[in-house]
Amino acid sequence: MKFTKMEGLGNDYVYVNCFKEMVENPQSVAIKVSDRHFGIGSDGLILIKPSEVADFCMDMYNADGSRSEMCGNGIRCVAKYVYDYGLTTKTNISIETLAGIKYLDLQVEDGKVKLVTVNMGAPELVPANIPVKSEKDILIKEPIEVGGRQYEMTCVSMGNPHSIVFVEDTENFPLEEVGPQFENHEVFPNRVNAEFIQILDAKTVNMRVWERGTGETLACGTGACAATVACILNGLTENEITLHLLGGDLLVHWDREENLVYMTGPAKIVFDGEIDL
């Protein structure tokens, strides 16, 4: 199987051009290629496919083989792949995902995509649609007990479920312990991605993320978007902020009038290769 390894702020995936390649049992392939000792090493597998409703289709699998609806860093890399490898000459494209069709603007320099802005759509705040088990209309600063400790979470879906918690210090937060406890908490029927946010000022935050099915990653695009919405709903920041993630920075803007979230960030090709399955 021929593949391309790409990364967006260190959130790395193995990409396969399914216009040319056939991938049987992608769940097991995702587990194999994601292994950082015996495989290629990645946060998961993303298949680039034809679409009947958009320019392209993104089919995504986590490192544990579970399927995911959407990945903000991953979809930026898909955009770079299809342009840089000549699958399209358009700089405004649409990509079908399990979270709906996303629209992307490509910033091209010297014939290659450097930055991508993604219209991530409207944030979902209704608990049943995230999903989170709750009778409330919206979950802002909602108390939750995790691992014997009390936290306050704000829950948002950007096509996949996120629980955002504000902390004093992201660097020293015990994410390896707390992250899996959030991910598998009983109130999240489909598990959850957990973001831990430190407010620096009205325009800047630090963020660490525990992604369901993968663990801590260097960046999460949908998580950054969900975190931005949570920051604004809690009155902590302006409507456009820069998020410092372990892998780099993302710029996210929530247009409150249109109720659309826009994310801008880089995408890079690491290497091309071929692996026997």
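Right above here is the structure, for reference.
**Student:** Now, about the layout of surface pockets: what can you tell me, with residues and values included?
**Tutor:** Estimates place the volume of the largest pocket at around 220 Å³. Lining the largest pocket are 13 residues, with K2, T4, N17, K20 and Y81 sitting closest to its centre. Taken together, the residues of the lining of the largest pocket break down into six nonpolar, three polar and four charged.

**Student:** Tell me what's going on with the side chain of H162, and back it up with residues and numbers.
**Tutor:** Looking at the secondary structure, you find H162 in strand β11 (residues 161-166). Here T222 takes part through its side chain, which lies 3.1 Å from a polar atom of the side chain of H162. Residues within four places of H162 in sequence aside, it is in contact with I130, T154, C155, V156, V192, N193, E195, C220, T222, G223 and A226.

**Student:** Talk me through the environment of D255; I want residue IDs and the actual numbers.
**Tutor:** You can see D255 is positioned in strand β16 (residues 248-255). With residues near it in sequence (within four places) discarded, D255 still touches L260 and Y262.

**Student:** Can you lay out the pairing of strand β9 (residues 142-146) for me, pointing to particular residues and giving the numbers?
**Tutor:** For a regular strand, side chains alternate in direction, first toward one face of the sheet and then toward the other. Residues E142, I144 and V146 line the buried face of β9, whereas the alternating positions P143 and E145 sit on a face that is not buried. Two strands pair when backbone bridges link them, and β9 and strand β10 (residues 149-157) are joined in this way by five bridges, in the antiparallel orientation. Paired with P143 across the bridge in β10 is E152. Between β9 and β10, which follow one another and run antiparallel, lie two residues, and G147 among them has a positive phi close to 60 degrees.

**Student:** Before we move on, could you go through the packing of aromatic side chains and cite the residues and values that matter?
**Tutor:** Scanning the model with the defined rule gives seven aromatic pairs in all. For the ring pair F19 and F56, a centre distance of 5.9 Å and an interplane angle of 70 degrees mean the geometry is edge-to-face. On the criterion of sequence distance, the pair formed by F19 in the loop between β2 (11-17) and α1 (26-34) and F56 in strand β4 (residues 56-62) is long-range, its members being 37 residues apart. Under the relative-accessibility criterion, F56 is labelled buried at 5%.

**Student:** Describe helix α4 (residues 221-233), naming the residues involved and giving the relevant values.
**Tutor:** For α4, with 13 residues, the first-to-last C-alpha span of 19 Å sits near the 18 Å given by 1.5 Å per residue. With 12 of its 13 residues buried, α4 lies for the most part within the structure. At the C-terminal side of α4, G235 shows a positive phi close to 70 degrees.

**Student:** Which residues make up unusual backbone geometry, and what values go with them?
**Tutor:** The amide bond that connects I130 to the next residue, P131, takes the cis arrangement and shows omega of 0 degrees. If you trace the backbone, P131 turns up in the loop between β8 (112-121) and β9. The phi dihedral of N25 falls on the positive side, at around 50 degrees, and the residue is not glycine. By secondary structure assignment, the location of N25 is in the loop between β2 and α1. The class for N25 is partly exposed, based on a relative accessible area of 46%. Even without glycine at this site, K141 takes up a positive phi of about 55 degrees. Relative to the helices and strands, K141 resides in the loop between β8 and β9. With relative accessibility at 48%, the residue K141 sits in the partly exposed group.

**Student:** Hey, could you go over the pattern of salt bridges for me, with residue numbers and the actual values?
**Tutor:** In this structure the tally under the stated criterion is 14 salt bridges. The salt bridge partner of R191 is D64, with a shortest N-O separation of 3.6 Å. One end of the pair, R191, is in the loop between α3 (175-183) and β12 (193-201); the other, D64, is in the loop between β4 and β5 (67-68), and 127 residues separate them in sequence. Look at R191 and you get partly exposed, because its relative accessible area is 24%. Across the pair E69 and R212 runs a salt bridge, and its minimum N-O distance is 2.4 Å. Placement of the pair is E69 in the loop between β5 and α2 (72-84) and R212 in the loop between β13 (204-211) and β14 (215-217), with a sequence separation of 143 residues. Several salt bridges converge on common partners, so that one network encompasses K5, D12, R36 and D43.

Criteria and thresholds
- Residues numbered from 1 in each chain as written.
- Predicted model: local features only at pLDDT ≥ 70, side-chain atom pairs only at ≥ 80, totals over all residues.
- Heavy atoms only, no water.
- 1 Å grid on protein atoms, 1.4 Å probe; cavity = no way out; pocket = protein on both sides within 12 Å on 5 of 7 lines; lining within 4 Å.
- Points joined across faces, edges and corners; volume = space filled by probe spheres on them.
- Nonpolar A, V, L, I, M, F, W, Y, C, P; charged D, E, K, R; others polar.
- Helix = DSSP H or I, 4+ residues; strand = E, 2+ residues; numbered from the N terminus.
- Polar contact = N/O pair within 3.5 Å; in protein donor to acceptor, adjacent residues only side chain to side chain.
- Contact = heavy atoms within 4.5 Å.
- Buried < 20%, exposed > 50% of the residue type's maximum accessible area, 1.4 Å probe, protein only.
- Pairing = 2+ DSSP bridges.
- Phe/Tyr/Trp six-rings, centres within 6.5 Å; stacked < 30°, edge-to-face > 60°.
- Expected span 1.5 Å × (residues − 1).
- Salt bridge = Lys/Arg side-chain N within 4 Å of Asp/Glu carboxyl O.

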